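Survey of secondary and tertiary structure
Given next are the chains, with one letter for each unit.
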Amino acid sequence: MFMASHTSFVMLAALLLASPSWGQGLGLDMQKPENYRPAGMLILQERTIPYGKEVSGIYAIRDANDFPNGKRLKLWQEAVNDVKVRNETLRCDTSAPARITSNGSQLVMLELNPGGFVGSHNRLSHLIWWAACFPEQAGKDPNSLQAVARKLGFSGNLNEREHLLPGNAR
């Protein structure tokens with residue numbers, strides 16, 4: 001008799017602990033990444049996944065003092081129970097537009113083609129680039145900015161490439 005009731009108690013306790021509403025019912029603050037988003041963050045991409053959302057945004061955008069037409073920013077990548085913040089550098093000029101980021105273990109340089117085709121593989125890079133380099137275009141679909149890119153002096157015919165760079169990731 002004791003064994004059956006003890007097992008039932010353990011199972012009930014496990015169910016209560018696993019329930020998200022359990023902690024909330026006791027007044028505990030369940031940590032949610034969205035509660036810690038920095039002020040002024042511009043959300044560029046949001047998608048619903050099982051159990052929550054994935055959000056990408058940028059903040060702390062500033063000019064790069066060490067080269068012309070450069071920008072530095074912080075990229076916020078939020079998952080259901082995780083946040084990654086990366087320092088990024090952009091080149092906004094017409095001759096070599098680029099994004100320098102990290103994959104967690106290496107530096108990654110992405111040569112971009114503003115005004116060219118944007119698909120799922122390069123969408124976030126273009127959203128970041130347009131929002132930081134030309135803030136008036138922030139949040140717009142990069143595929144709709146071909147005429148704007150040409151007016152700004154971009155050919156729309158540059159080759160997009162990805163380069164993995166040796167060294168420590170930033």
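Data block above holds the structure.
For the rest of this paragraph, the subject is the state of the cysteines. Under the criterion given, the structure shown has one disulfide. What pairs with Cys92 in a disulfide is Cys133, and their sulfur atoms sit 1.9 Å apart. Classification of the bridge connecting Cys92 and Cys133 rests on its S-S torsion, roughly -70°, and on that basis the disulfide is left-handed. Here Cys92, found in the loop between β4 (83–91) and β5 (98–102), pairs with Cys133, found in helix α3 (residues 123–133); they are 41 residues apart in sequence, far enough to count as distant. For the pair shown, Cys92 and Cys133 are each scored as buried.

Now for the side chain of Glu78. Tracing the sequence through the fold places Glu78 in strand β3 (residues 70–78). By relative accessible area, Glu78 is classed as buried at 5%. A polar atom in the side chain of Glu78 sits 2.9 Å from the side chain of Arg37. For Glu78, the contacting residues outside a window of four places in its chain are Pro33, Glu34, Arg37, Lys53, Glu54, Val55 and Val83.

What follows is about α3. Among the eleven residues of α3, ten are classified as buried, and the element is accordingly described as predominantly covered. All buried positions along α3 are accounted for by Leu124, Ser125, His126, Leu127, Ile128, Trp129, Trp130, Ala131, Ala132 and Cys133.

Quick notes on the rules
- Residues numbered from 1 in each chain as written.
- Predicted model: local features only at pLDDT ≥ 70, side-chain atom pairs only at ≥ 80, totals over all residues.
- Heavy atoms only, no water.
- Disulfide = S-S within 2.5 Å.
- Helix = DSSP H or I, 4+ residues; strand = E, 2+ residues; numbered from the N terminus.
- Buried < 20%, exposed > 50% of the residue type's maximum accessible area, 1.4 Å probe, protein only.
- Polar contact = N/O pair within 3.5 Å; in protein donor to acceptor, adjacent residues only side chain to side chain.
- Contact = heavy atoms within 4.5 Å.

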